[in-house]
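Residue-level structure breakdown
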Amino acid sequence: MLLTEIYNQQPQAYQDLSQDNSQLQLSDLRKTRLTLRQLNKLRKMNDVRMYEFKEKLKLVRKQYAPPPAPPV
């Protein structure tokens, strides 16, 4: 966990508990298959994560950039 995650809570929409039926039972013998809807949702979630990562990377680069040279 990052220190910023304590103060800036993540959005609550990352996991939809009403659609989470991934809990396996002892009687489940077959491997589950992903539907096209689930694959599309995973792709969108990955796109959002990549966008958030790039935005965070911009902030980190700005923080650790070398100071500008003083005018001569």
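Structural data are supplied above this passage.
On a predicted model such as this, the values are computed, not experimentally measured, just so you know.

1. Quick look at the overall build of the protein
Each helix and strand counted, the protein has 2 helices and 0 strands in total. Among the 72 residues that make up the protein, the fraction classed as buried is 0%. Per element, the accessible surface of the protein, about 8000 Å² overall, is 59% carbon and sulfur.

2. Remarks on a nonpolar patch on the surface
Nonpolar side chains collect at one region of the surface, where L34, L36, L39 and L42 lie side by side and expose about 420 Å² of accessible area between them. Along the chain, L39 turns up in helix α2 (residues 36–63).

3. Quick notes on the pattern of salt bridges
One pass over the full model with this rule turns up 2 salt bridges. Residue R43 is joined to D47 by a salt bridge in which the shortest nitrogen-to-oxygen separation is 3.1 Å. With R43 and D47 both in helix α2 and 4 residues apart, this pair spans about one turn of that helix. By relative accessible area, D47 is classed as partly exposed at 42%. Note that E55 and K58 form a salt bridge whose closest N and O atoms lie 3.4 Å from each other. With a gap of 3 residues between them, E55 and K58 both fall in helix α2, about one helical turn apart.

Analysis parameters
- Residues numbered from 1 in each chain as written.
- Predicted model: local features only at pLDDT ≥ 70, side-chain atom pairs only at ≥ 80, totals over all residues.
- Heavy atoms only, no water.
- Helix = DSSP H or I, 4+ residues; strand = E, 2+ residues; numbered from the N terminus.
- Buried < 20%, exposed > 50% of the residue type's maximum accessible area, 1.4 Å probe, protein only.
- Areas by Shrake-Rupley, 256 points an atom, 1.4 Å probe, with all protein chains shown as cover.
- Patch = residues over 30% accessible without salt bridge, like charges linked within 9 Å, V, L, I, M, F, W, Y side chains within 5 Å.
- Salt bridge = Lys/Arg side-chain N within 4 Å of Asp/Glu carboxyl O.

As far as function goes, none of this settles anything; it's purely spatial.
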